[in-house]
Amino acid sequence: AFAASTATLDWTNPVTNLDIVIEKASDPAGPFSAVITVQPATVNYLDAGPFAEGETVCYQLHYVNAAGSGPGSNVACKTFPILAPVVSPNSLTVR
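Participant: Help me understand the state of the cysteines, please; the structure alone is not making it clear to me.
Facilitator: Each disulfide is one covalent bond, formed between the sulfur atoms of two cysteines. What the rule picks out here adds up to one disulfide. Covalent S-S linkage joins Cys58 and Cys77, the inter-sulfur distance amounting to 2.1 Å. One quick way to see it: the torsion about the S-S bond of Cys58 and Cys77 is about 105°, and its sign makes the bridge right-handed. With Cys58 in strand S5 (residues 56-65) and Cys77 in strand S7 (residues 76-79), this residue pair connects regions lying 19 residues apart in the sequence. Take Cys58: its relative accessible area is 0%, and that puts it in the buried class. Judged by relative accessible area, Cys77 falls into the partly exposed class, the value being 42%.

Participant: Please explain the pattern of salt bridges as it appears in this structure.
Facilitator: Two side chains of opposite charge can pair, provided their charged atoms sit close to one another. According to the stated counting rule, one finds one salt bridge in the structure shown. Between Lys24 and Asp47 there is a salt bridge, and its shortest N-O distance comes to 2.9 Å. One end of the pair, Lys24, is in strand S2 (residues 19-25); the other, Asp47, is in strand S4 (residues 44-47), and 23 residues separate them in sequence. Among the residues examined, Lys24 registers a relative accessible area of 25% and is labelled partly exposed. Note on Asp47: relative accessible area 5%, which makes it buried.

Thresholds applied
Residues numbered from 1 in each chain as written. Predicted model: local features only at pLDDT ≥ 70, side-chain atom pairs only at ≥ 80, totals over all residues. Heavy atoms only, no water. Disulfide = S-S within 2.5 Å. Helix = DSSP H or I, 4+ residues; strand = E, 2+ residues; numbered from the N terminus. Buried < 20%, exposed > 50% of the residue type's maximum accessible area, 1.4 Å probe, protein only. Salt bridge = Lys/Arg side-chain N within 4 Å of Asp/Glu carboxyl O.

Here it is in structure tokens:
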């Protein structure tokens, strides 16, 4: 993991009386696995990882009730940047 490696999900929620299952995958085609179920009327979620440099993470949402899970939302993905290598000091001399 590296610094500032978070994914913040934001969505609109036209239904405010159903729980929402957040699912996650490493590829937009899946397979997706449930991460968490959030309360009705929730419109964002922070995934604090950990994530690796260059990693891609994808999410989709489902409404859920006692009858089961509804169809998935669109899929949204984030690829974490590959950080530049740390540059070493140079021109060191000893006198």
